[in-house]
Amino acid sequence: MYGFNVTATTFSFDNRPVSPLSNRTFDSWWFHGHLDYPPHPTDFFELPAGQTATAEVACDKGATSYFASADADIRDPNDPDNVCPGRGIVAVHTTGESDVKGCALAIAYESNVTNVKPEDFTVFSVNQTCVWTRFTDFQIPARMPPCPPDGCTCAFFWIHSQDSGAEENYMNGFKCNVTGSTSDAAALAVSQVPRRCGADPMNNRFQNVPGNCTYGAKQPFYWFNLEGNNMFEGAFSPPIYNDLYNFIDGAQNDIFVDSYASLPDPSPIALVPSLVDIILSLGFNTTVSDPELFARSEPQSSRCAELNP
């Protein structure tokens, strides 16, 4: 992970991966300002096509399997899934499990991170109950194509509930590699900006408007910074990774160039597009029998996504 070994004193301010991002310049929030602190050249987070990759999410590196490079081991022996030991749910900006708003993994098919632009990222997996558990599963679309020889560039994104805390973004970049691609793999479509289209009771909109959704490949949210934003919602209406923006829970299986025959321009009266019926030549599982398989196989510096209140 970029910035994996950044500490509270590396910068003139606390810019650890757990530090929130808001009201920053582009260079400061993009990859958390950690492009000069890359992971080891051989460290990749594996994305097994059609299966599940497990990441660790925590308020402190000491709460993860990588505590050895932290100040202390603060893991909760009575609750291995505790994201923020000793700090309670206020640390993850939520009022409870039903109030978490999800997080996302996005990919750019570019090995050289300096060539990656915000619009190059495509969200390929969402976990709508993130960041409730330390061990967080992300389902990988079965049709993901292989990465270039030197791998892909990925990032973790999270924006917390409006019910608790300030307007904050989280972005942690890492090197990744798709494994197990099949002959059914297809290139990703050009990602588009997501649109708010689901039921939104907080803003007195009680019905979803499916025609107004963005379908297919979607960009991550870039919000509440000084420059480079693609979302402009207000402080009490943050963009979130769930049905409100047409991000389903799990693998985003409609992100490919052939997922739709055509896509109408989103509008409240637009027809909802239909997915093309694609029959895979090989079956696939959306889960694996051993959920820790990938955790055990990943190099440490690519696996830890961190968050902070």
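Residues numbered from 1 in each chain as written. Predicted model: local features only at pLDDT ≥ 70, side-chain atom pairs only at ≥ 80, totals over all residues. Heavy atoms only, no water.

K.L.:
A description of the environment of Tyr66 should follow, citing residues and the corresponding values.
P.N.:
Summarising the element assignment, Tyr66 is placed in the loop between β2 (52-58) and β3 (103-108). Distance from Tyr66 to Phe4, taken between C-alpha atoms, is 10.0 Å for residues 62 residues apart in sequence. (Helix = DSSP H or I, 4+ residues; strand = E, 2+ residues; numbered from the N terminus.)

K.L.:
Residues and numbers for the state of the cysteines, please.
P.N.:
Enumeration over the complete set of coordinates arrives at five disulfides. Here Cys59 engages in a disulfide with Cys84; their sulfurs sit 1.6 Å apart. Negative torsions about the S-S bond denote left-handed disulfides, and the value of about 50° found for Cys59 with Cys84 makes this one right-handed. Note that Cys59 is positioned in the loop between β2 and β3 and Cys84 in the loop between β2 and β3, a separation of 25 residues in sequence. Each of the two residues, Cys59 as well as Cys84, counts as buried. (Disulfide = S-S within 2.5 Å. Buried < 20%, exposed > 50% of the residue type's maximum accessible area, 1.4 Å probe, protein only.)

K.L.:
Got a sec to walk through the layout of surface pockets? Specific residues and values, please.
P.N.:
If a probe the size of a water molecule is rolled over the atoms, the empty space left behind becomes visible. The volume enclosed by the second largest pocket comes to roughly 260 Å³. Contributing to the lining of the second largest pocket are 14 residues, with Val6, Thr7, Arg16, Lys61 and Ala70 lying nearest its centre. Here the lining of the second largest pocket is built from residues that sort into six nonpolar, three polar and five charged. (1 Å grid on protein atoms, 1.4 Å probe; cavity = no way out; pocket = protein on both sides within 12 Å on 5 of 7 lines; lining within 4 Å. Points joined across faces, edges and corners; volume = space filled by probe spheres on them. Nonpolar A, V, L, I, M, F, W, Y, C, P; charged D, E, K, R; others polar.)

K.L.:
Help me get a handle on the sheet that holds strand β6 (residues 152-159), residues and values and all.
P.N.:
Ordered by their spatial adjacency, six strands build an open sheet running β1-β7-β6-β3-β4-β8, and the pairing between neighbours is mixed. Among the strands making up the open sheet, the edge pair consists of β1 (45-48) and β8 (250-251). The pairing of β3 with β6 spans six bridges and is classified as antiparallel. Paired with Ala108 across the two strands is Thr153, which belongs to β6. (Pairing = 2+ DSSP bridges.)

K.L.:
An account of the pairing of β3 is needed here, citing residue identities and associated values.
P.N.:
The element β3 is largely enclosed, with a buried count of six among its six residues. Burial along β3 is two-sided: Cys103, Leu105 and Ile107 and Ala104, Ala106 and Ala108, pointing in opposite directions, are all buried.

K.L.:
Quick one: what's the story with the confidence of the model for the protein chain, residue by residue and with numbers?
P.N.:
Averaged over the protein chain, the pLDDT score is 89; the fraction of residues at 70 or greater is 89%. Per-residue pLDDT stays below 50 along residues 281-303; that stretch engages in 52 contacts with residues further than four places along the chain or on separate chains. (pLDDT = per-residue confidence, 0-100. Contact = heavy atoms within 4.5 Å.)

K.L.:
Can you tell me about the nonpolar core, naming the residues and giving the values?
P.N.:
Among the nonpolar cores identified, the biggest contains 37 residues, and Leu47, Ile107, Phe124, Met144, Phe156 and Phe174 are the most heavily contacted of them. In terms of nonpolar packing, the next biggest core, distinct from the first, is built from 26 residues, Trp30, Val116, Trp223 and Leu244 among them. (Core = buried A, V, L, I, M, F, W, Y, C linked by side-chain atoms within 4.5 Å.)

K.L.:
Give me the pairing of strand β4 (residues 122-127): which residues, what numbers.
P.N.:
Remember that side chains alternate between the two faces of the sheet whenever the strand is regular. Taking burial as the measure, the six residues of β4 include six buried ones, the bulk of the element. Across five bridges, the pairing between β3 and β4 is antiparallel. Bridge assignment links Leu105 to a residue of β4, and that residue is Ser125. Pairing between β4 and β8: two bridges, direction antiparallel. Note on β8: the bridge partner recorded for Ser125 is Ala251.

K.L.:
I'd like to hear about the packing of aromatic side chains, residue by residue, with values.
P.N.:
Each pair of aromatic rings is reported with the distance of its centres and the angle of its planes. Evaluation of the coordinates by the stated rule reveals 22 aromatic pairs. For the ring pair Tyr215 and Tyr260, a centre distance of 6.4 Å and an interplane angle of 70° mean the geometry is edge-to-face. Placement of the pair is Tyr215 in the loop between β7 (169-179) and β8 and Tyr260 in the loop between β8 and α2 (293-297), with a sequence separation of 45 residues. Looking at Tyr215, the relative accessible area reads 16%, which means it is buried. Following the ring pairs from residue to residue traces out a cluster consisting of Tyr2, Phe26, Trp29, Trp30, Phe31, Phe121, Phe157 and Tyr222. Sitting over the ring of Phe256, Arg143 keeps its end group 5.2 Å from the ring centre. When the ring centre of Phe247 is taken as origin, the NZ or CZ atom of Lys218, which lies over that ring, is 5.0 Å away. (Phe/Tyr/Trp six-rings, centres within 6.5 Å; stacked < 30°, edge-to-face > 60°. Lys NZ or Arg CZ within 6 Å of the ring centre and 35° of its normal.)

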